[in-house]
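Here is how the chains run, residue by residue.
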Amino acid sequence: MHPNLFRDAIETALAEAILAAVGESVPTTRLLRLSENPDFGDYFTTTLLNLAPRVGKTPSECAHTVAEYLCSQACLSKAERNGAGFINLFVNPRCAASA
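Residues numbered from 1 in each chain as written. Predicted model: local features only at pLDDT ≥ 70, side-chain atom pairs only at ≥ 80, totals over all residues. Heavy atoms only, no water.

## Observations concerning helix α1 (residues 7-22)
Move 1: Between its terminal C-alpha atoms α1 stretches 22 Å, which fits the 22 Å expected from 16 residues at 1.5 Å a residue.
Move 2: Within the sequence span of α1, burial applies to R7, I10, E11, A13, L14, A15, A17, I18, A21 and V22.
Move 3: On the buried face of α1, the contacting elements are β1 (33-34), β2 (43-45), α2 (47-51), α3 (59-70), β3 (76-82) and β4 (86-91).
Move 4: At the C-terminal side of α1, G23 shows a positive phi close to 75°. (Helix = DSSP H or I, 4+ residues; strand = E, 2+ residues; numbered from the N terminus. Expected span 1.5 Å × (residues − 1). Buried < 20%, exposed > 50% of the residue type's maximum accessible area, 1.4 Å probe, protein only. Contact = heavy atoms within 4.5 Å.)

## Thoughts on the environment of G41
Move 1: Relative to the helices and strands, G41 is located in the loop between β1 and β2.
Move 2: Put simply, G41 and L14 are 27 residues apart on the chain and 15 Å apart in space, counted from C-alpha to C-alpha.
Move 3: If we ignore the near neighbours within four places in the chain, the residues touching G41 are S35, L89 and F90.

Purely spatial values, then, with no claim about function.
What follows is the structure, given as C-alpha cells:
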C-alpha cells in the first residue's frame, strides 16, 4: 500500500471528528504522521495533546471520543487511543486493495 494513499481523506475525517467531539475546528493539514511501526497503525496523530487543554478536557478523553467517531470511517479498519492522547489509525485493507 502506498503510504499517502488515503492521507487527505483521513485528515479530513480527523478534522471532522475533532470538531464533533470537542467543538474545535482545526486545519486539515499536518494532522497525521506516518507510523514507523505497523503495530501502531499506518498513521497516528498527536493533535489532541495540545488541543485538549484549550477545551477543558484531558487528551485521553478527547482521543477516546475522536477515535470512536473515526471507527465509522470506511477507509479505516481501526482507530485506537494509545497512551495519553495519541490515536493510531489503521487503513482498511479492502480500501487499499481497491485503490
